[in-house]
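The primary structure of each chain is shown beneath.
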Amino acid sequence: MPTEIKFPAKPFYIMSKIARSNWGLTITPEGKVVLEALKGTVDQVWTATPDPRGGAILRHVSTGKVLACQMQHISIPGLIEIDLPAGPLKAVDLDASDAKQLWRAEEVSGDWSAINTLLQWEAKINVFDSDVHGTVGVYRWDGGADNEEWRLIAEAGELTVDSVTYDMSKAVPDLGMPPSHCTGTTVDNTLGGTTVTSTYSLARTVTTQRSLTNARTDTTGHKYTQTFSAKGGVAKVVEVTASASFEQTDSTTLSLTDQKVNTESVVDTIATQVSVPAGKKYAYHIVVYYGKVTVPYTAHLTFQSTTPGAKPVKLTVEGVFVGVNKVDNEIVIRDVTSPKAKEQPLIGKMALA
């Protein structure tokens, strides 16, 4: 049996060897498996997911369909009754239990490979009659003719972020988020005869959260951002102020292809002077107040395939930016002289810069 090779880990094209014609395997919007001239766009890209049973599932990125073979029943009365892979390829929904959706690549010569169904290693993907406009299906191995050899070309192209703009007229603030009560300190002057004034360092933790969610209205753009990495991204984000106005500020660049929430916490200390009257015990701690902003954005992107001769693809992706940032903080002072008090009386608040 020929040597098995791994499908590319990155998205890839499946190019036919016929006359070195640069034709690639794809699935039409109508769900038909065909060959098309390679043009380096997402509608011709595949991904391979290794399967514990062996081989891999080949998924067409643009349609979400997976590649499957068909079975043909062969009957010779009194001799054989068997089902074998044969006939045109099919584009189907994923069924993890269906072995007809498993494929294996094997080395043939140089960069060229054969692709067989895992059910029968001699049943290869074949361009019937070498007609690039005809049927692509499964046929028995014929020794390495051009119509049964393929090149698996990994796509190393990237999205480039050309610009990102926010629709500030639709920005929505939320100043009702719960505050964060940071670690504090207690100053005990219950045995003192005079007011004690000292300087203390109080810890303050400020957390910011930012996320980008791409809208699914632009299907093509969404497929690109799902599939490829992006150079650049969103470096200037929107923050809400204590007065519910908005400002844009530089930040760690967010990736348009990463839908996760980016969270960053910074701990620092604030030096503050406190005064505690004689016979009193005061507790001091910092409270940080947060605001949330939700604002639509529009990103203009360019995708440049590494396929020779491929033209750049311009994309516009719309989505929503959500950010949580500090809007205010202060030092809260409470009288904790009596440990039996049901409530610690609020003495006052000190504003922080």
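The sections below set out a description of the structure shown in this document. (Residues numbered from 1 in each chain as written. Predicted model: local features only at pLDDT ≥ 70, side-chain atom pairs only at ≥ 80, totals over all residues. Heavy atoms only, no water.)

### Examining the pairing of strand S2 (residues 12-16)
Regular strands show a simple pattern: their side chains alternate between the two faces of the sheet. Of all five residues in S2, five are buried, a share of seventy percent or more. Here S2 shows a buried face lined by Phe12, Ile14 and Ser16 and a second buried face lined by Tyr13 and Met15. Across five bridges, S2 lies against strand S16 (residues 150-154) in antiparallel orientation. Its bridge partner lying in S16, Met15 is registered against Arg151. (Buried < 20%, exposed > 50% of the residue type's maximum accessible area, 1.4 Å probe, protein only. Helix = DSSP H or I, 4+ residues; strand = E, 2+ residues; numbered from the N terminus. Pairing = 2+ DSSP bridges.)

### Brief notes about the pairing of strand S15 (residues 136-140)
Taken together, the two bridges between strand S10 (residues 87-88) and S15 define a ladder with antiparallel strand orientation. For Pro88, the partnering residue across the bridge sits in S15 and is Gly137. As judged from the five bridges shared by strand S14 (residues 123-127) and S15, these two strands associate in the antiparallel manner. From the neighbouring strand, Asn126 faces S15, where its bridge partner is Gly137.

### Section: the nonpolar core
Core analysis: the biggest nonpolar cluster contains 33 residues, and Leu159, Tyr166, Tyr224, Leu256, Leu301 and Phe321 have the highest contact counts within it. Taken together, the elements giving at least two residues each to this core come down to S2, strand S17 (158-166), strand S23 (234-240), strand S26 (280-304) and strand S27 (313-335). When residues of this core are assigned to their parent elements, the largest contribution, six residues, is made by S26. Ignoring anything within four residues of it in the chain, the contact list for Leu256 reads Val161, Leu212, Asn214, Thr225, Val234, Tyr297, Ala299 and Leu301. Phe7, Ala105, Ile115 and Val127 belong to the second-largest nonpolar core, a separate cluster that totals 28 residues. (Core = buried A, V, L, I, M, F, W, Y, C linked by side-chain atoms within 4.5 Å. Contact = heavy atoms within 4.5 Å.)

### Some remarks on the packing of aromatic side chains
On inspection of all chains with the given rule, the structure shows seven aromatic pairs. Arranged with centres 6.1 Å apart and planes meeting at 20 degrees, the rings of Phe7 and Phe12 form a pair that is stacked. Each of the two residues, Phe7 as well as Phe12, counts as buried. Residues Phe128 and Tyr139 carry aromatic rings whose centres are separated by 6.2 Å and whose planes lie at 65 degrees to one another, so their mutual orientation is edge-to-face. With Phe128 in the loop between S14 and S15 and Tyr139 in strand S15, this pair connects stretches of sequence that are 11 residues apart. Put simply, the rings of Tyr224, Phe228 and Phe303 pair up and form one aromatic cluster. (Phe/Tyr/Trp six-rings, centres within 6.5 Å; stacked < 30°, edge-to-face > 60°.)

### Remarks on the pattern of salt bridges
Under the counting rule described, the total for this entry stands at 17 salt bridges. Where Arg104 meets Glu4, a salt bridge forms, and the shortest distance between an N and an O atom there is 3.7 Å. Of this pair, Arg104 sits in strand S12 (residues 102-109) while Glu4 sits in strand S1 (residues 4-5), placing them 100 residues apart in sequence. Of the charged contacts, one joins Lys17 and Glu149 as a salt bridge, the two residues approaching to 3.1 Å between their closest N and O atoms. Pair noted here: Lys17 is in the loop between S2 and strand S3 (23-27) and Glu149 is in the loop between S15 and S16, with a separation of 132 residues, a long-range link. One network of salt bridges, in which partners are shared, links Glu4, Arg104, Glu106 and Lys124. (Salt bridge = Lys/Arg side-chain N within 4 Å of Asp/Glu carboxyl O.)

### Some thoughts on unusual backbone geometry
Most peptide bonds adopt trans geometry, and most residues besides glycine take a negative phi value. A positive phi angle, near 50 degrees, is found at Ala19, a position not held by glycine. Mapped onto the elements, Ala19 comes out in the loop between S2 and S3. With phi around 65 degrees, Asn22 is a residue other than glycine that occupies positive phi space.

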